[in-house]
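So you can see what is in the structure, the chains are spelled out below.
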Amino acid sequence: MRLSIIIPFHRGKHFLDDCLESLSEQQINDYETILVLDNVKEDIDSLLELYKDKLNIKTVEINKTINQKLYSKHLADENDKSYISKEELDRRGSEYNYSGVAAARNLGIEKSKGDYIFFLDSDDYLHEESLKKMIKVIEDKDNNYDIIYGRIKKTWFSKKVYFTSFNKEDALINEVDQLTLTQLIDYKKTLSDIGIIGMMIKREYLNKYNIKFDENMIFYSELPYLISLINNIESSKYVIDAFYIKRKHNNPIDYPSLSQLMSENKFKEYINAYQIAREISSSEDVKEILDQKLIDFYLDQFTKKIRRSSNELWRTEYFKVMQEAVLSINNQVINNLTGFDKRLVNGLKKGNIKKLKLLININLGFKKLLRIRKNKRLISYYLYFKVFSKKPIIKDLVLCESFYGKSYAGNPKYLYEYLSENYPDKFKFVWIIDKKSQIPFKHKKVKRFSIRYAYYIARSQYYIFNSRQPEWVRKRKGNTFLQTWHGTPLKRLVFDQDEVMAATPLYKAQVYKQSRAWDYLVSANYFSTEVFKKAFKFDNRILEYGYPRNDILHSQDKEERARDIKKKLKIPMDKKTILYAPTWRDDEYYGKGKYKFQLKLDLQLLKEKLGSEYLILLRTHYFIADSLDIKGVEDFAINLSKYDDISELYLISDILITDYSSVFFDYANLKRPMIFYTYDLDKYRDILRGFYFDIEKELPGPIVYTSDEVVNSIINIKEISEEYIDKYELFYEKFCGLEDGCASRNISKEVFNL
Ligand code: C2G
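Residues numbered from 1 in each chain as written. Predicted model: local features only at pLDDT ≥ 70, side-chain atom pairs only at ≥ 80, totals over all residues. Heavy atoms only, no water.

J.: How should I be thinking about the overall build of the chain in this particular structure?
T.: A tally of helices and strands in the chain yields 32 helices and 23 strands. With the principal axes as the frame, the chain shows a C-alpha extent of 90 × 60 × 50 Å. Split into buried and exposed, the 754 residues of the chain put 57% on the buried side. Taking the intrachain contacts of the chain between residues at least 6 apart in sequence as the baseline, contacts between residues at least 24 apart amount to 74%. By element, 48% of the accessible surface of the chain is carried by carbon and sulfur atoms, the whole surface being about 34,500 Å². Side chains of the chain carry 124 positive and 110 negative charges; the gap between the two charge centres is 9 Å. (Helix = DSSP H or I, 4+ residues; strand = E, 2+ residues; numbered from the N terminus. Buried < 20%, exposed > 50% of the residue type's maximum accessible area, 1.4 Å probe, protein only. Contact = heavy atoms within 4.5 Å. Areas by Shrake-Rupley, 256 points an atom, 1.4 Å probe, with all protein chains shown as cover. Lys, Arg positive; Asp, Glu negative; His and termini not counted. Charge placed at Lys NZ, Arg CZ, Asp CG, Glu CD.)

Listed below in structure tokens is the structure:
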């Protein structure tokens, strides 16, 4: 047997699927895959069945095996303290639900037969040529390398998504092509990044020096292991184009990575791993690199814990551990430090926690000042925590926000207007809004993240928001948070999303934290209710009364309102109107909340074919930063992307063109025709987002892919509407069935006890 691939597995079947699939694409033969099962709770039988023969998979169950034969062998070797004890194994089983990768990897190696060992993690995957390239190098008789290692690329994405846009040449730009093992260690940002994944090692070499993972460690066993590996190395090689893809985990709630797991012992183990690694290292250069990284850890992370952590251990027990570690490091490393860094390290060495705390405060305060100069928001945060949150909550003060302060619109607008009109003296209102919108009734306006915003977000009793509040906002006793949300979901949300392709990959963890503060969540239909419960892991009160913003679509005077809006927008009354309101694309952005949009509708063509009868109203999503180009069609197209409230635009539109946006669920309340212009359907549905239902079956209008088809659909809109009558009925029943024009009243009554 040439090669043994060692994979420890604890949880995350979807990760493992990608991992095994990537192995099945390797162009190699004569290998075995050792899958070490560490307290696995998921059912992976069918997955294994699929790959078992192809990948020559051998499974080993860690608990069973250690308890049975191997464990007695472990015990027999009493001098060998690196093996896990039965008590420890059981303890870990109950505390973490697993035994740890160190034990799993040792076991995997023991059970394997290959001449070379390759370390692959079950949540990672490989480029199809990686193993072939590595084997070629390790079998090179002229050089006789003991260890070879490839290029690790990090990603948030699944294999399919990652390789869709992968280009080998691009991946190698700015990469050095020679890298010694010492340089590799230096290259890593922190001590915890130093590891052995993606390495191929000769078994002969491991045996010769009896190198094993220290099973006493849960988190950081790779660091000392790697150091003992390289201590005796004579010859190793970097294979730059053997790509190992390491996945970052975007769902630390259900599938935390090792680095995302929390434990009381973690810090001590970190220092312990460093100390062992340093002690056993035979290279002064390596020792110095490790020392430097320990100092970086102290300066970047530990000092913050001393200052802020609510856990006293950081200032007592852990402080001593840190001090002891730093006391024994190379003086040269400390001598090279300058300014505050040097003083902070010396402060630690002296061990006066009071003085050190003062120094840290000055240092971090100074750094903060520099940051405040660049980022004025920090003053607001500071006042929020230090001053405003300490003052009492103001009774009946209601804070409203729609679309992150971008517009006066959505459910909060209609709830606010209902409350203002019907209970004029009961509440005081503050609107978070960044532009100069006209807002009726008595209220105050504040800009998002301003100092006044920080004041009201700390002191309001009620919040009515339709999107997420900032992560740093703390819910106070006495607060009521009404989250109205902003649409019925077609696109998969939060925990139902396999991938988070948008600009904020840690979206799942953020939303989880934010949604814990919501007391009420508004749902427009039973379908949304079921989705929200699961997608947000939401178990507070869900209000099923329809959407307040849809009340006007059922109002008696909607014709009159439409005329007024048209007049205000100077839209000629003799023309029919088409509203084009597409959504945003998760993968096309300049940055958080700033998305690109390219108009794929041929306005020139539409004008030519439809211009005599229609006008088109263009409306981009509030995340879109690009502005639409309507040069040459100004007499046919009106850009209303900046208009506050899309619900008013529904009233004045005879036909809607959209794509995957939730606008169609609302527009359907009017029972007017809809066309779905989904030019990028395959990518959007299968890669970017995923849908909750089969749009081909359920949407109450034609799904089209070209501007020509859009034009044809509009020309034949009468026939098309008739064709879709039945589907429209079903769709209306399912998504608009709860709407009766009284959502604002019903929700207000319940939330505000009216
Ligand atoms: N919207 C708008 N103009 C657009 C698109 C959307 O004004 N061109 C508004 C509508 O009120 C819509 C809301 O923004 O209902 C949400 O937009 P979506 O396109 O559905 O996208 P998203 O913000 O991702 O919300 O559960 C719903 C989902 O979260 C979708």
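J.: Teacher, can you tell me more about the site of the ligand here?
T.: Of all residues adjacent to the ligand, which total 21 residues, the nearest are Gly487, Thr583, His621, Ser661 and Ser662. The separation between an oxygen atom of the ligand and a polar side-chain atom of Thr583 is 2.6 Å. Burial of the ligand by the protein amounts to 97% of the accessible area it has alone, namely 610 Å². In this structure, the shell around the ligand is formed jointly by two domains, domain 3 (384–547) and domain 4 (551–736), each of which donates at least three residues. (Near = heavy atom within 4 Å. Polar contact = N/O pair within 3.5 Å; in protein donor to acceptor, adjacent residues only side chain to side chain. Domains from an automatic or database assignment.)

J.: So what exactly am I meant to see when it comes to the environment of Glu279 here?
T.: Its location among the elements puts Glu279 in helix H12 (residues 266–280). Between the alpha carbons of Glu279 and Pro224 there is a distance of 9.3 Å; along the sequence they are 55 residues apart.

J.: Just to check I follow, could you spell out helix H6 (residues 130–138) for this structure?
T.: Each α-helix winds once per 3.6 residues, and so residues spaced three or four apart point in a common direction. Of all 9 residues making up H6, 7 are buried, and the element is well covered by its neighbours. Restricting attention to buried positions, one finds in H6 the residues Ser130, Leu131, Lys133, Met134, Ile135, Val137 and Ile138.

J.: Mind showing me how you'd approach the pairing of strand E3 (residues 57–61) here?
T.: Every other side chain in a regular strand lies on the same face of the sheet, so the side chains alternate between the two faces. Sheet topology note: the strand E2 (residues 31–37)/E3 ladder contains 5 bridges and is parallel. Along E3, the bridge assignment pairs Ile34 with Lys58. (Pairing = 2+ DSSP bridges.)

J.: Please clarify how unusual backbone geometry should be interpreted in this entry.
T.: Glycine aside, negative phi is the norm for most residues, and most peptide bonds take the trans geometry. For Phe441, which is not a glycine, the phi torsion comes out positive at approximately 65°. Here Phe441 shows up in the loop between strand E10 (428–432) and strand E11 (444–446). A positive phi angle, near 70°, is found at Phe449, a position not held by glycine. For Phe449, a relative accessible area of 13% puts it in the buried group.

J.: I keep staring at the sheet that holds E3 and nothing clicks. Help me out?
T.: Hydrogen bonding along the main chain pairs the strands of a sheet, whether they run parallel or antiparallel. Taken together, 8 strands build an open sheet; the order of strands is E3-E2-E1-E4-E7-E6-E8-E5 and the sheet is mixed. Where the open sheet ends on each side, the last strands, each with one partner, are E3 and strand E5 (125–126). Relative to strand E7 (residues 199–202), strand E6 (residues 147–155) runs antiparallel, the two being bridged by 3 bridges. Across the sheet, Ile148 pairs through a bridge with Met200, a residue of E7. H6 contacts strand E1 (3–9), strand E4 (116–119), E5, E6, E7 and strand E8 (236–247) of the sheet and is inclined by roughly 160° relative to E8. (Axes fitted to C-alpha atoms, helices over the stretch in contact; angles between N-to-C directions.)

J.: Hey, could you run me through the domain arrangement of the chain in this one?
T.: Interface size is often expressed as the accessible area that is lost when the parts come together. In terms of domain boundaries, the chain breaks down into domain 1 (3–258), domain 2 (292–374), domain 3 (384–547) and domain 4 (551–736). Computed over C-alpha atoms only, the centres of domain 3 and domain 4 are separated by 26 Å. The interface is formed by 31 residues belonging to domain 3 together with 34 residues belonging to domain 4. Of the roughly 2,800 Å² buried where domain 3 meets domain 4, counting both sides, 55% is carbon and sulfur surface. At the junction of domain 3 and domain 4, the tally comes to 3 salt bridges. In this structure, Lys413 and Glu648 form a salt bridge, with 3.1 Å as the shortest nitrogen-oxygen distance. Where domain 3 touches domain 4, the interface holds 15 residue pairs in polar contact (both at pLDDT 80 or more). For the side of domain 3 that touches domain 4, the per-class residue count stands at 16 nonpolar, 9 polar and 6 charged. (Buried area = accessible area lost by both parts, 1.4 Å probe. Salt bridge = Lys/Arg side-chain N within 4 Å of Asp/Glu carboxyl O. Nonpolar A, V, L, I, M, F, W, Y, C, P; charged D, E, K, R; others polar.)

J.: Explain the packing of aromatic side chains here, please?
T.: Describing an aromatic ring pair means giving the distance of the ring centres and the angle of the ring planes. Within this structure, the stated rule accounts for 73 aromatic pairs. Relative to Tyr225, the ring of Phe213 has its centre 3.6 Å away and its plane inclined at 5°; by these criteria the two rings are stacked. Of this pair, Phe213 sits in the loop between helix H10 (203–209) and helix H11 (222–231) while Tyr225 sits in helix H11, and the two are 12 residues apart along the sequence. Exposure remark for Phe213: the relative accessible area of 0% places this residue in the buried category. With a relative accessible area of 2%, Tyr225 lands in the buried category. Ring centres 5.3 Å apart and planes at 75° place the aromatic pair Trp518 and Phe536 in the edge-to-face group. Here Trp518 is found in the loop between helix H21 (507–515) and strand E14 (520–522), whereas its partner Phe536 is found in the loop between helix H22 (526–535) and strand E15 (541–543), with 18 residues between them in sequence. (Phe/Tyr/Trp six-rings, centres within 6.5 Å; stacked < 30°, edge-to-face > 60°.)

J.: How do you make sense of the pattern of salt bridges when you look at a structure like this?
T.: Oppositely charged side chains can pair when the atoms bearing their charge come close. Throughout the structure, instances matching the rule amount to 41 salt bridges. Two residues, Lys533 and Glu530, come together in a salt bridge whose shortest N-O distance is 3.5 Å. Note that Lys533 and Glu530 are positioned in helix H22 at a spacing of 3 residues, about one turn of the helix. The closest approach of N and O atoms between Asp587 and Lys683, which form a salt bridge, is 2.6 Å.

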